[in-house]
Amino acid sequence: MAGNITLTMIKPDAVKKNYIGPILKMINEAGFRIVAMKYTKLSKEKAGEFYAVHKERSFYGELVDFMSSGPIVAAILEKENAVEDFRKLIGATDPSKADEGTIRKLYAASIGENAVHGSDSDENAAIEGDFHFSKLERF
Ligand code: ATP
Ligand code: MG
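To start, this report covers the structure provided alongside it.

What counts as what
Residues numbered from 1 in each chain as written. Chains lettered and ligands numbered in written order. Predicted model: local features only at pLDDT ≥ 70, side-chain atom pairs only at ≥ 80, totals over all residues. Heavy atoms only, no water. Buried < 20%, exposed > 50% of the residue type's maximum accessible area, 1.4 Å probe, protein only. Helix = DSSP H or I, 4+ residues; strand = E, 2+ residues; numbered from the N terminus. Arc of directions from axis to C-beta. Contact = heavy atoms within 4.5 Å. Near = heavy atom within 4 Å. Polar contact = N/O pair within 3.5 Å; in protein donor to acceptor, adjacent residues only side chain to side chain. Areas by Shrake-Rupley, 256 points an atom, 1.4 Å probe, with all protein chains shown as cover. 1 Å grid on protein atoms, 1.4 Å probe; cavity = no way out; pocket = protein on both sides within 12 Å on 5 of 7 lines; lining within 4 Å. Sits in = over half its atoms within 2 Å of the grid points. Nonpolar A, V, L, I, M, F, W, Y, C, P; charged D, E, K, R; others polar. Points joined across faces, edges and corners; volume = space filled by probe spheres on them.

1. Some words on helix α4 (residues 60-67)
Thought 1: Along α4, the residues classified as buried are Y60, L63, V64, F66 and M67. Mapping the buried residues of α4 onto a view down its axis gives an arc of 165 degrees, with all of them on the same face.
Thought 2: Of the surrounding elements, those touching the buried residues of α4 are β1 (5-10), α1 (12-16), α3 (44-50) and β3 (72-78).

Next comes the structure, spelled out in C-alpha cells:
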C-alpha cells in the first residue's frame, strides 16, 4: 500500500531566488498537508549523509557542496500516495526534461541546482523524515 508521507527540501538555489513562497503555494494547492517544517542549513557532513546513496557518483562532491551552500526549507508532507504524487508535482531531475507546470520546470535552473528534493520511496520518506525531524516537531 502506498504511504502517506514524503520529505521535501526547498534547495539553496530556490531559497536564494526567493522561491520559497511560490513553491509552498504549489505544494498547498496540490493538496499536501504540512506535518513538519523548518528553515535550516545542512553542514557538509549532514548533506553528505543525506545523499550518501550517491557517494560513488561523479557529481557527489558537487551535490554536497551545493546542498550545504545556503539555507534550505525541509518539510514532511502528507497526502494519499504522497511519494509518487509529489514526484509528479516536482517533475524530472533535469528541469529541461520536466513537464510543463512542474516545480522544477518553473523554478529550477539545471540538473545540479534543481530547486527541490522529493523522497523516492516510502521507505526513504520515513528515513529522511527522521533525518530532519524529531517526533515532537510533527503535528
Ligand atoms: P532528489 O533526490 O534531490 O529529489 P532526484 O531524486 O530527482 O533528486 P537523484 O538521482 O536522487 O535525483 O539525484 C539527487 C540529486 O543529485 C539531484 O536532485 C541533483 O541535484 C543531483 N544530480 C543528479 N544527477 C546529476 C548530474 N548528472 N549532474 C549533477 N547533479 C546531479
Ligand atoms: Mg533522489
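That was the structure; now back to the text.
2. A few points about the site of ligand 1
Thought 1: Taken together, 13 residues are adjacent to ligand 1, and K11, Y51, R87, T93 and N114 come closest.
Thought 2: Taking H54, its side chain carries an N or O atom lying 3.0 Å from an oxygen atom of ligand 1.
Thought 3: Here an oxygen atom of ligand 1 and a side-chain polar atom of H117 are 2.9 Å apart.
Thought 4: Burial of ligand 1 by the protein chains amounts to 81% of its free accessible area of 570 Å².
Thought 5: Applying the majority rule of atoms within 2 Å of the grid points places ligand 1 in the largest pocket.
Thought 6: Along the lines of polarity and charge, the residues of the shell around ligand 1 split into 4 nonpolar, 6 polar and 3 charged.

3. Details of the layout of surface pockets
Thought 1: Looking at the largest pocket, its volume works out to about 720 Å³.
Thought 2: As for the largest pocket, its lining consists of 26 residues, and the residues nearest its centre are Y51, H54, F59, L63 and H117.
Thought 3: Elements supplying a minimum of two residues to the lining of the largest pocket: α3, α4, β4 (116-118) and α7 (122-132).
Thought 4: Here the lining of the largest pocket takes 4 residues from α7, the largest share from any one element.
Thought 5: Residue classes in the lining of the largest pocket are distributed as 9 nonpolar, 8 polar and 9 charged.

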